[in-house]
Amino acid sequence: MIYQLIYRPEGIAEPVRLPLSKSIAIRVSALNAVARRQGGRATVVPELSDCDDARYFNAAIGALEEGRRDIYIGEGGAPLRFFTALAASMSGVEIELTCASSLMSRPLKPLLDALDMAGADIVCTTREGYPPLTIRGRLLRPSGLRLDPSVSSQFVSALMLASPLWERGLNLEFTDGRPVSAPYIAMTAEVMRRFGAEVGVSEGGIRVEPGRLSPPKRFEVETDWSAASYFYELALLLPGRDIPVGRLSRPDNSLQGDSICNAMFNLFGVRTIWASDGSATLRCDETILNELRRMDTPLELDLNSTPDLMPAIAVGLCFAGIRFRLTGIRHLRHKESDRLTVIANELEKVGYRVETGADHMAWTGGRMPTAENEVIATYSDHRIAMAFAPAAVKLPYLAIENPGVVEKSFPGYWDALKGLGFEIRRFGS
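Presented here is an overview of the structure given in this document. All values reported here derive from a predicted model rather than from experimental measurement.

**Comments concerning the overall build of the protein chain**
- Secondary structure summary: the protein chain contains 13 helices and 19 strands in total.
- Relative to its length of 429 residues, the protein chain is compact, with a C-alpha radius of gyration of 22 Å against a globular reference of 22 Å.
- Dimensions along the principal axes, computed over C-alpha positions, put the protein chain at roughly 60 × 45 × 45 Å.
- Within the protein chain, the proportion of its 429 residues that are buried is 57%.
- For the protein chain, restricting intrachain contacts to residue pairs at least 6 apart in sequence, the fraction spanning at least 24 positions comes to 75%.
- With the model as given, the accessible surface of the protein chain reaches about 16,800 Å², and the carbon-plus-sulfur share is 45%.
- Of the charged side chains in the protein chain, 48 are positive and 52 negative, and the gap between their average positions amounts to 2 Å.

Structure (structure tokens):
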């Protein structure tokens, strides 16, 4: 299927309804599973994220607790990694864990190696280091573990979330580099603390004390800042036009590292105007845009801590005419797609010559001719679809293939764009 997007701004913009944070929701679901396993009560969650990642993860937890043997986890990296560590830590569990084919090439071996050191019984049934997996749960008693945190923070979070089930808790030493996406580790630690866990985080590693969780009575999941980035991008491309957002978690109260999106896009001239009811309006000041366009050197940003913001920033800055150099993004080659290569390829289709290296992406102003009817390929990657869609306000023709990929994190994305004045024409099936 292909969606063609046409921007028609005549009507009144409807407030964007952001999804709830899938990152927080999955962590809460994991800790609820641990609490139930320990014989205690689980926290009440009034509303969970309704995206594919959260649905598959919750379904897998349910299947595990019902004693089913064959479990399917979908195509989410975090659900696979968190669930693998949980299942391996539950005595008496014996399952065959499968996933979508798109997930079978993403890194898992560092986590499997760490769990092996902890005493886990996990067998890769097809290819060493990758799913499908046969998992036989047992009580784990590691005295200490070591892990390279520079590939994925999800490996660290997976061990942290499972460790309350371990006899001695977790003593994890970081090796070979700084943690990538460190705010996600901090998110895991804070959610665990709200469940009563004693968690220590330092530059050198993680410590989780053994003991039973004490879940709060209620846990409210906040809205997703990664999803908000695409509407900040849209505001950047429509200077002077208001983009209303129905509810947006304030950065100073957010568990999400991606809440820095507010400050980053503020650098580009996008202001967040907060209302007392929790809603917000995004508005870009073209004066600041023009100052950035006149800069002698490209704008430099290190996105090591917030890689999920990269697609919206890279595409948005190109179409806004702001030269840039983004660093700290080598791990984006191991997401749903190789995001550095993919974004460079698709930007080339729409006229932007972008340079990529092992750990950077840069645009120095290079342009190139384009065809009249290019279609953006999404490579089964939700963030590619969502990052390129706002560019329709700058192009006479923009089409997105496989638009259903947004179900992974933001099922209501296309409806949100319609409410802001986008006409979406559907082709194929």
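**Brief notes about helix α10 (residues 310-320)**
- Counting buried residues along α10, 11 of its 11 residues qualify, which places the element largely inside the surrounding structure.
- Listing the buried residues of α10 in full gives Met310, Pro311, Ala312, Ile313, Ala314, Val315, Gly316, Leu317, Cys318, Phe319 and Ala320.
- Phi turns positive one or two residues past the end of α10, at Gly321, with a value near 80 degrees.

**Brief notes about the nonpolar core**
- Residues Leu5, Phe231, Met310, Ile313, Leu347, Tyr413 and Trp414 are the most contacted members of the largest nonpolar core, which totals 80 residues.
- Ranked by residue count, the leading element in this core is helix α7 (residues 225-237), at 10 residues.
- Beyond its immediate sequence surroundings of up to four residues, Trp414 is in contact with Tyr3, Leu5, Ala385, Ala389, Ile400, Pro403, Val406 and Ile424.
- Ala25, Phe155, Ala189 and Val191 belong to the second largest nonpolar core, which has 71 residues in total.

**A closer look at the side chain of His331**
- Secondary-structure assignment places His331 in the loop between β14 (324-327) and α11 (339-349).
- For His331, the residues in contact, after removing those within four places along its chain, are Ser150, Val151, Val180, Ser181, Asn304 and Pro307.

**Observations concerning empty space enclosed by the protein**
- Evaluated as defined, the whole model comprises two cavities of 30 Å³ or more.
- The volume enclosed by the largest cavity comes to roughly 390 Å³.
- Around the largest cavity, the lining comprises 34 residues; the ones closest to its centre are Lys22, Gln154, Tyr184, Asp308 and Lys335.
- Per element, the largest residue contribution to the lining of the largest cavity is four residues, and it comes from helix α1 (residues 22-37).
- In the lining of the largest cavity, the residues fall into eight nonpolar, 13 polar and 13 charged.
- In this structure, the second largest cavity encloses a volume near 30 Å³.
- Lining the second largest cavity, in full, are Glu75, Ser102, Leu103, Arg106, Glu336 and Ser380.

Cut-offs applied
Residues numbered from 1 in each chain as written. Predicted model: local features only at pLDDT ≥ 70, side-chain atom pairs only at ≥ 80, totals over all residues. Heavy atoms only, no water. Helix = DSSP H or I, 4+ residues; strand = E, 2+ residues; numbered from the N terminus. Rg over C-alpha atoms; globule rule 2.2 N^0.38 Å. Buried < 20%, exposed > 50% of the residue type's maximum accessible area, 1.4 Å probe, protein only. Contact = heavy atoms within 4.5 Å. Areas by Shrake-Rupley, 256 points an atom, 1.4 Å probe, with all protein chains shown as cover. Lys, Arg positive; Asp, Glu negative; His and termini not counted. Charge placed at Lys NZ, Arg CZ, Asp CG, Glu CD. Core = buried A, V, L, I, M, F, W, Y, C linked by side-chain atoms within 4.5 Å. 1 Å grid on protein atoms, 1.4 Å probe; cavity = no way out; pocket = protein on both sides within 12 Å on 5 of 7 lines; lining within 4 Å. Points joined across faces, edges and corners; volume = space filled by probe spheres on them. Nonpolar A, V, L, I, M, F, W, Y, C, P; charged D, E, K, R; others polar.

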